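Here is how the chains run, residue by residue.
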Amino acid sequence: MGSTSAENHGRPGTGRRDLIKRSAALGLISAPAMGFLSACASSGGGGDEDKAKAGKKTAKNPLAVNDTAQMEFVLFDGGFGKEYAEDAVKIYEKNFPGTKVKFAATQKIQSTLQPRFNQGTPPDLIDNSGAEQMDMGVLVGKNQLADLTPLLDAPSYDDPDKKVRDTLRPGIVEMGQFDGNPVWILYYAYTVYGVWYSQKALDSLDEQYPETWDQMLAVCAKAKKKGMAGWTYAGKYPYYIPFSLYPMIGKVGGREVLDAIDNLEPNAWKHPAVKACFEAYYELYKKGYVLKGTPGLDHIQSQTAWAKGQALFIPNGSWVENESANVIPADFDLAVSAPTGLDSSDKMPFGTIWASGGEPFIVPAKAKNAPGGMEQLRIMLSEASSKNFTAKVKSLTAYNGGTQGITLTPGLKSGVAALEKAGDNVVNPRIQDWYVQLQKEQIGVAGLGEMMAGRLTPAEAISKIQGFADAAAKDSSIKHYKHQ
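Residues numbered from 1 in each chain as written. Predicted model: local features only at pLDDT ≥ 70, side-chain atom pairs only at ≥ 80, totals over all residues. Heavy atoms only, no water.

Looking at an unreviewed UniProt entry, one finds the chain named ABC transporter substrate-binding protein and attributed to Streptomyces longwoodensis. As recorded by UniProt, the Sequence similarities (unreviewed entry) comment attached to the chain reads in full: "Belongs to the bacterial solute-binding protein 1 family." The record held by UniProt for the chain lists under Subcellular location (unreviewed entry) the comment "Cell envelope". (UniProt positions renumbered as here; feature names shortened; annotations may be inferred.)

So, in structure tokens, the structure goes:
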């Protein structure tokens, strides 16, 4: 599918960052695999005496990298390939000519690195992605990761007057945090979620993208008269619906509503903004504006029907351009928009969108050359490396920029425009990172999926979902997280 970890954030498929989490949630991980995650804590070697001595701290070497120590970098070899990373490694070796980077790319992150974590001899930088991704919560909980705050507070590669953290897109730093201020993960890719559509199809209806729900219903009514459904979605994986529904809830009720949901607060799902947005989506079903048969479609089937003009809108992430490339017509004019709101009483402006990071890079706590691993990331977060990545793999990076001078594909161009329109109004619900089973099986399939198929009313769906959230909040076997 040419998909990425960012792209598989919250969706089905064979890989990338959520597969191991889904497997764990469904009880599919074998005992040896889970044993590894526990074994991470009981490592042997890797004491301070094995670590590379600090180098000389200079303006060009703010992390005091030892310029003769080897740096080891293990990359997940997936949809993004390895060329972008190899290019960044060449820059590292040019800047530190007395050293050598040991670089490897593999799809078997966990099985390759398992014995090394156990022995206390992990690499210095890891792209922890793919079907064999190591569980982030366990790594953080077992103190297996280095805090990346020194990297974030270092001068950026391009501008010594600007810290690395000040060059990143909204939400990247927060995504790497679990409890408190330390940042354990640097998500390198960046995904835009929202409502995807054909600008050509919208133009054929002589319509603009609707900003209020009354306008949305009017556009859908017009489409229906021309034989086109207003919406479709991945009916078999209805946790795609939140890609547009969650930011709509945030737009209508404010960020604090999404934070309360993430925090598993009592009655969070009973907020008036949630009720209003559920009722709005249910209206699409009630008025017959959802493509017939959608509840039985998987993500590929729904995207194909949409690409063939059977439906106007689909909730999705920016991977859809690559994943549906073989069925999207050349003149489709792919576009994405932030979700439609209710009306002028919404707390946040039109343009409020969900965007967040993917492709998680980590520096192990017992890395021999942690400053080297962080310096490699600092290089990758330069404008030149970011541009190189975007040009080669058609995806944005965590670096806030890096698109000038690149010929962007229609979807990528639209995503950049949507981010520019959003400005600071970017939301990043964490529930799908923190509570995978709750988000997918319960909120998604048992709640939203049933409501959109007409088998639950909005009130019934909300009551059911609140029950699931309350149960998760009381479950002592689950690690609980909260917005700080």
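When you go through the chain residue by residue, the secondary structure sums to 20 helices and ten strands. Taken across its 484 residues, the chain has 57% of its residues classed as buried. In the chain, once contacts between residues fewer than 6 apart in sequence are set aside, the share between residues at least 24 apart is 76%. Within the structure as shown, the chain displays about 19000 Å² of accessible surface, and the carbon and sulfur contribution to it stands at 50%. (Helix = DSSP H or I, 4+ residues; strand = E, 2+ residues; numbered from the N terminus. Buried < 20%, exposed > 50% of the residue type's maximum accessible area, 1.4 Å probe, protein only. Contact = heavy atoms within 4.5 Å. Areas by Shrake-Rupley, 256 points an atom, 1.4 Å probe, with all protein chains shown as cover.)

Before going further, it helps to spend a moment on the nonpolar core. Counting residues in hydrophobic clusters, the biggest one holds 143 residues, and the most contacted among them are Phe73, Trp269, Phe278 and Phe313. Residue contributions to this core reach at least three from each of two domains, namely domain 1 (50-191 + 356-416) and domain 2 (193-353 + 428-474). (Core = buried A, V, L, I, M, F, W, Y, C linked by side-chain atoms within 4.5 Å. Domains from an automatic or database assignment.)

On strand 7 (residues 334-337), burial covers both faces: Leu334 and Val336 on one face and Ala335 and Ser337 on the other are all buried. The pairing of strand 4 (residues 186-198) with strand 7 spans four bridges and is classified as antiparallel. Opposite Tyr197, over in strand 7, you have Ala335 as the bridge partner. (Pairing = 2+ DSSP bridges.)

Attention now goes to helix 4 (residues 109-119). Here helix 4 has its buried residues at Ile109, Gln110, Leu113 and Phe117. The buried residues of helix 4 all sit within an arc of 85° when viewed along its axis, so they share a single face. With its phi angle positive at about 75°, Gly120 sits one or two positions after the end of helix 4. (Arc of directions from axis to C-beta.)

Along the chain, Ser156 turns up in the loop between helix 6 (149-153) and helix 7 (172-175). With a relative accessible area of 8%, Ser156 lands in the buried category. At a separation of 2.8 Å, a polar atom in the side chain of Ser156 contacts the main-chain carbonyl oxygen of Asp159. In contact with Ser156, not counting residues within four places along its chain, are Lys162, Lys163, Val164, Thr167 and Arg378. (Polar contact = N/O pair within 3.5 Å; in protein donor to acceptor, adjacent residues only side chain to side chain.)

A pair of packed helices can be characterised by two numbers: the angle between their axes and the separation between those axes. One way to put it is that helix 12 (residues 272-286) packs onto helix 20 (residues 458-474) with a least axis distance of 9 Å and a crossing angle of 130°. Put simply, helix 12 runs oblique to helix 20. Helix 12 and helix 20 meet at a crossing whose hand is right-handed. Between helix 12, through Val274, Lys275, Phe278, Glu279 and Tyr282, and helix 20, the contact on the second element is made entirely by Pro458, Ala461, Ile462 and Ile465. Split by residue class, the contact of helix 12 with helix 20 holds seven nonpolar, no polar and two charged. (Axes fitted to C-alpha atoms, helices over the stretch in contact; angles between N-to-C directions. Parallel < 35°, antiparallel > 145°, perpendicular 65-115°, else oblique. Left-handed = near helix turned anticlockwise from the far one by under 90°. Nonpolar A, V, L, I, M, F, W, Y, C, P; charged D, E, K, R; others polar.)

On to the packing of aromatic side chains, then. Ring pairs (aromatic) are described by centroid distance and by the angle formed between their planes. Inspection of the entire model under this criterion finds 32 aromatic pairs. Summarising the aromatic geometry, the rings of Trp231 and Tyr281 are spaced 5.5 Å apart at their centres and angled 65° between planes, so their arrangement reads as edge-to-face. Taken together, the residues span a long stretch of sequence, with Trp231 in strand 5 (residues 229-231) and Tyr281 in helix 12 at a distance of 50 residues. Exposure class is identical for Trp231 and Tyr281. Each is buried. Three or more aromatic residues joined by ring pairs make a cluster, and in this case those are Tyr193, Tyr237, Tyr239, Tyr240, Phe243, Tyr246, Trp269, Phe278, Trp319 and Trp354. (Phe/Tyr/Trp six-rings, centres within 6.5 Å; stacked < 30°, edge-to-face > 60°.)

Further remarks concern the pairing of strand 4. Sheet faces and side chains relate simply in a regular strand, where the side chains alternate between the two faces. With 13 of 13 residues buried, strand 4 is to be regarded as a mostly interior element. Sheet topology note: the strand 4/strand 9 (residues 396-397) ladder contains two bridges and is antiparallel. Directly across from Tyr190, in strand 9, lies its bridge partner Leu396. Where strand 4 lies against strand 6 (residues 311-317), five bridges are found, and the strand directions are antiparallel. Residue pairing for strand 6: Tyr193 is matched across the bridge by Gly317.

Structurally, the position occupied by Asn388 is in helix 16 (residues 383-393). Leave out the neighbours within four places in its chain, and Asn388 touches Tyr84 and Asp87. There is a polar contact of 2.9 Å between the side chain of Asn388 and the side chain of Asp87.

A separate point is helix 13 (residues 299-307). With respect to burial, helix 13 is a largely interior element, seven of its nine residues being buried. Those residues of helix 13 that fall on the buried side of the exposure criterion are His299, Ser302, Gln303, Thr304, Ala305, Trp306 and Ala307. A side-chain oxygen of the first residue of helix 13 lies 3.1 Å from the backbone nitrogen of Ile300; this N-cap is Asp298. Taken from the residues just after helix 13, Gly309 is the one with a positive phi, measuring 85°.

What follows is about the environment of Arg430. One can find Arg430 in the loop between strand 10 (426-427) and helix 18 (431-434). Look at Arg430 and you get buried, because its relative accessible area is 5%. As a C-alpha pair, Arg430 and Glu174 span 256 residues in sequence and 9.8 Å in three-dimensional space. Not counting residues up to four positions away in its chain, the partners in contact with Arg430 are Glu174, Met175, Gln177, Asp262 and His483. One polar contact links the side chain of Arg430 to the main-chain carbonyl oxygen of Met175, over a distance of 3.1 Å.

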